[in-house]
Amino acid sequence: MRVLLVGAGGVGTAVTRIAARRDFLTHMVVSDYDLARAEAAVTALPETGDRFSARRLDASDEEAVRRMLVEERCDVLLNATDPRFVMFLFRAALAAGAHYMDMAMSLSAPHAENPYRECGVKLGDGQFELADLWADSGRLALVGMGVEPGLSDVFARYAADELFDEIEEVGVRDGANLAVEGYDFAPSFSIWTTIEECLNPPVVYERDRGWFTTAPFSEPEVFDFPEGIGPVECVNVEHEEVLLIPRWVDAHRVTFKYGLGDDFIAKLKTLHALGLDSTAKVIVQGEGGPVRVSPRDVVAACLPDPATLGQRMTGKTCAGTWVKGVKDGAPREVYLYHVVDNQWSMREYGSQAVVWQTAVNPVVALELLANGAWAGKGVLGPEALPPRPFLDLLTAYGSPWGQREQG
């Protein structure tokens, strides 16, 4: 399998470190707008022969992406950029006749008149609008194949197939006890993406109502996370699982809640109150005169790169899917989860826990596509494919998942 990886940030670099240990990969072209970053990701790898190369690529230039896919004879485009570039890369892969995979879907837009009750443009709508073209092409666009979305969706499919006869609710619950020494505010994942998903109206799905929205940080609950993380307050956040799971898993209700903490929520609310979450460019004075910049990009530039925080970080991160329903006539609740200890991921791969946990899942999915255990055409979410091969291979990668009976 030949892969074009677009984006050599923290997650993209972790992808190369994981993939380098697997033999399904014939060649990976590691590309980034910053060539030095792509080259650094490649040169940091152990001896891999000629299986990895670095190229400069602008993710917003569809024609350039299409040409590189064709010139490098790539079977798959793996998108490791932030969601702003999804549609450029999605369309380029379709035009090139390549398969496509991402870890975050096309952006949403709030409802103009009633943003906290009704959906506007939903996450992934732009991609699903092209589903027929992808199906007709015979190629697969596997969307939302990170950890959340991604592994969380695989857990939902597994629960439906093997653990429940009827599902009342699928609730993705994410929490951690990570701490970063020396910083009062140092998000462990892209602040650009974090602002997007946390300040947009969260989406909830109910079978009788369909998709609808609530206010940011709504419906707080305390969830007890496994392996020593413990109780964390979680709140509603906009996330792809709520838009994906109901398409393939029969459930009365689907939710996503993030363990953010009061301090983190307060800082996000302050950014919003000051307009610093905006992506609309404003004019500011630079050394050479007026320049146009996005306030959100300025915030991101002022904060440390999450990929560089691993040496200062301690603790564990947990991604998981809580499922409530009925099995053999009796009520049942389970939590399917995946925990990564930052000390382990830094020692084994040199990547901090959050980016490593995100990166391992698309690599597992690529291997399943390469060996034929996963196959399909059109625009599919992870829950559209058989879960057991994925969960077995994830364990074989040295990162097992867990199951806890609730109640």
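For the structure, check the block above.
Residues numbered from 1 in each chain as written. Predicted model: local features only at pLDDT ≥ 70, side-chain atom pairs only at ≥ 80, totals over all residues. Heavy atoms only, no water.

## Here's the deal with the side chain of Glu 240
With respect to the helices and strands, the residue Glu 240 is situated in helix H9 (residues 240–248). Within the buried set, Glu 240 has no salt-bridge partner at all; the shortest N-O distance to an opposite charge, 12 Å, is to Arg 296. Other than its neighbours up to four places away in sequence, Glu 240 contacts Ala 104, Met 105, Leu 123 and Pro 149. (Helix = DSSP H or I, 4+ residues; strand = E, 2+ residues; numbered from the N terminus. Buried < 20%, exposed > 50% of the residue type's maximum accessible area, 1.4 Å probe, protein only. Lys, Arg positive; Asp, Glu negative; His and termini not counted. Salt bridge = Lys/Arg side-chain N within 4 Å of Asp/Glu carboxyl O. Contact = heavy atoms within 4.5 Å.)

## With respect to unusual backbone geometry
Glu 148 connects to Pro 149 through a cis peptide bond whose omega is 0°. With respect to the helices, strands and loops of the structure, Pro 149 is situated in the loop between strand E6 (140–142) and helix H7 (151–163). Despite not being glycine, Arg 73 has its phi angle at roughly 55°, a positive value. Note that Arg 73 resides in the loop between helix H3 (62–71) and strand E4 (76–79). Phi at Glu 227 takes a positive value of approximately 55°, unusual for a residue other than glycine. Position of Glu 227 relative to the elements: it lies in the loop between strand E11 (221–225) and strand E12 (230–236).

## Topic: the sheet that holds E6
On the basis of which strands lie adjacent, the open sheet formed by seven strands has the order E3-E2-E1-E4-E5-E6-E19 and parallel pairing. Sheet topology places strand E3 (52–56) and strand E19 (378–380) at the edges, where each strand pairs with a single neighbour. Within this sheet the neighbouring strands show an average axis-to-axis angle of 20°, counted without direction. Relative to strand E2 (residues 27–32), strand E1 (residues 2–6) is paired through five bridges, and the arrangement is parallel. Its bridge partner lying in E2, Arg 2 is registered against His 27. Along the sheet, helix H2 (residues 35–43) contacts E2 and E3; its crossing angle with E3, the most-contacted strand, is approximately 175°. (Pairing = 2+ DSSP bridges. Axes fitted to C-alpha atoms, helices over the stretch in contact; angles between N-to-C directions.)

## Side note on the environment of Leu 130
Residue position: Leu 130 is located in the loop between helix H5 (125–128) and helix H6 (131–137). Once the C-alpha coordinates of Leu 130 and Val 379 are considered, the two residues, 249 residues apart in sequence, prove to be 7.9 Å apart. Dropping the residues within four chain positions of it, Leu 130 is found in contact with Met 87, Phe 90 and Arg 91.

## Some remarks on the packing of helix H13 (residues 353–371) against helix H14 (residues 387–396)
Contact geometry of H13 with H14 gives a least axis separation of 10 Å together with a crossing angle of 120°. One finds that H13 runs oblique with respect to H14. Considering how the two elements wind past one another, H13 and H14 form a crossing that is right-handed. Residues Val 360, Asn 361, Val 364, Ala 365, Glu 367 and Leu 368 of H13 pack against Pro 389, Phe 390, Leu 393 and Leu 394 of H14. Residue composition of the contact of H13 with H14, grouped by class: eight nonpolar, one polar and one charged. (Parallel < 35°, antiparallel > 145°, perpendicular 65-115°, else oblique. Left-handed = near helix turned anticlockwise from the far one by under 90°. Nonpolar A, V, L, I, M, F, W, Y, C, P; charged D, E, K, R; others polar.)

## Focus: a nonpolar patch on the surface
Residues Val 282, Val 284 and Val 291 make up a contiguous nonpolar surface patch of roughly 190 Å² in combined accessible area. Counting through the fold element by element, Val 284 comes out in strand E14 (residues 282–286). Residue Val 284 is classed as partly exposed on the basis of its relative accessible area of 33%. (Patch = residues over 30% accessible without salt bridge, like charges linked within 9 Å, V, L, I, M, F, W, Y side chains within 5 Å. Areas by Shrake-Rupley, 256 points an atom, 1.4 Å probe, with all protein chains shown as cover.)

## Looking at the pairing of strand E10 (residues 210–213)
Inspection of the sheet shows strand E9 (residues 203–206) paired to E10 by four bridges, in the antiparallel sense. What sits directly across from Tyr 205, in E10, is Trp 211. In textbook terms, the turn of a hairpin is the stretch between consecutive antiparallel strands, and for E9 and E10 this stretch comprises three residues.

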